[in-house]
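The primary structure of each chain is shown beneath.
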Amino acid sequence: MIKAILIFNNHGKPRLIRFYQYFAEDMQQQIIRETFHLVSKRDDNVCNFLEGGSLIGGSDYKLIYRHYATLYFVFCVDSSESELGILDLIQVFVETLDKCFENVCELDLIFHMDKVHYILQEVVMGGMVLETNMNEIVAQVENKISPSGGLSAAPARAVSAVKNMNLPEIPRNINIGDINIKVPSLSPF
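Residues numbered from 1 in each chain as written. Predicted model: local features only at pLDDT ≥ 70, side-chain atom pairs only at ≥ 80, totals over all residues. Heavy atoms only, no water.

For the protein, the name recorded in an unreviewed UniProt entry is Adaptor related protein complex 3 subunit sigma 2, with Sphaeramia orbicularis as its organism. Taken from UniProt, the Sequence similarities (unreviewed entry) comment for the protein reads in full: "Belongs to the adaptor complexes small subunit family." (UniProt positions renumbered as here; feature names shortened; annotations may be inferred.)

Asks: Can you tell me about the overall build of the protein, naming the residues and giving the values?
Replies: Helices and strands together make up the secondary structure of the protein, namely six helices and eleven strands. In the protein, buried positions account for 37% of the 189 residues. A sequence separation of at least 24 residues applies to 45% of the contacts in the protein between residues at least 6 apart. For the protein, the exposed area adds up to about 11,400 Å²; of that, 54% sits on carbon and sulfur atoms. (Helix = DSSP H or I, 4+ residues; strand = E, 2+ residues; numbered from the N terminus. Buried < 20%, exposed > 50% of the residue type's maximum accessible area, 1.4 Å probe, protein only. Contact = heavy atoms within 4.5 Å. Areas by Shrake-Rupley, 256 points an atom, 1.4 Å probe, with all protein chains shown as cover.)

Asks: Explain the pattern of salt bridges to me, and be specific about the residues and the numbers.
Replies: The tally for this structure, following the rule as stated, stands at two salt bridges. Taking the shortest distance from any N to any O, the salt bridge between arginine 15 and glutamate 106 comes out at 2.7 Å. Here the residue arginine 15 occupies a position in strand 2 (residues 14–19), and glutamate 106 occupies one in helix 3 (residues 106–111), the gap between them amounting to 91 residues. Overall, glutamate 106 belongs to the buried group, its relative accessible area being 16%. Taking the shortest distance from any N to any O, the salt bridge between glutamate 83 and lysine 62 comes out at 3.1 Å. Taken together, the positions of glutamate 83 in helix 2 (residues 83–101) and lysine 62 in strand 4 (residues 61–68) put the pair 21 residues apart, joining distant regions of the chain. By relative accessible area, glutamate 83 is classed as partly exposed at 27%. (Salt bridge = Lys/Arg side-chain N within 4 Å of Asp/Glu carboxyl O.)

Asks: Mind laying out the nonpolar core, listing which residues take part and the relevant values?
Replies: In this structure, Ile2 and Phe93 are the most contacted members of the largest nonpolar core, which totals 32 residues. When residues of this core are traced back to their parent elements, those giving at least two are strand 1 (2–9), strand 5 (71–78), helix 2, helix 4 (113–123) and helix 5 (134–144). In terms of residues, this core owes the most to one element, helix 2, which gives ten residues. Judged by nonpolar contacts, the second largest core, of 16 residues, contains Phe8, Phe19, Phe36 and Tyr72. (Core = buried A, V, L, I, M, F, W, Y, C linked by side-chain atoms within 4.5 Å.)

Asks: Give a description of helix 5 that names residues and reports values.
Replies: By the burial criterion, the buried members of helix 5 are Met134, Ile137, Val138 and Val141. Each buried residue of helix 5 lies within a common arc of 95° when the element is viewed along its axis, so the set occupies one face. Of the exposed residues in helix 5, the ones pointing more than 90 degrees away from its buried face are Asn135 and Asn143. Capping the start of helix 5, asparagine 133 holds a side-chain oxygen 3.0 Å from the backbone nitrogen of asparagine 135, two or three residues further along. (Arc of directions from axis to C-beta. Polar contact = N/O pair within 3.5 Å; in protein donor to acceptor, adjacent residues only side chain to side chain.)

Asks: Please set out unusual backbone geometry residue by residue, giving values where relevant.
Replies: Despite not being glycine, alanine 69 has its phi angle at roughly 50°, a positive value. For alanine 69, a relative accessible area of 72% translates into the label exposed. Of note in this structure, glutamate 102 is not a glycine but carries a positive phi near 50°. Looking at where glutamate 102 falls in the secondary structure, it is placed in the loop between helix 2 and helix 3. In this structure glutamate 102 comes out as exposed when scored by relative accessible area, which is 67%.

What follows is the structure, given as structure tokens:
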């Protein structure tokens, strides 16, 4: 089972953090720091698996990672997961991001966090792998996050719903004791 998915840049700044096991906030920050130090000091020519740090479960957990340009994609898994299967899952996730963002970069993860989380949710939910077919993931994302519906249309739908609301007449004068306040006429939208 996947316990955590961590994506951070070469300087250790977290870009996406998803824990599938409860850890207190300060423990999560320690895990992120320790994971970054374990992964970043390794050479590029060594294997991409290592035992989890002391904070995340020790030898029962493995850190499986890939380094792409300025980002580290790290999956913390228990001993029941296949290292090669998780490496393939990381590759599928990155290629899906690449298809959805057309040459994905660190800024895409920062400025389109909702879409990145949705893509990750299509791949992994609750620590279990849901989908590994990249075309199916992209189709689900495009279906859900399209201009005709889904997440990107939500603000437009909200504005049109407010415009179509039947609001009671706005009072023109408000009397509070001896004070009389005249409310200026406001036209909605």
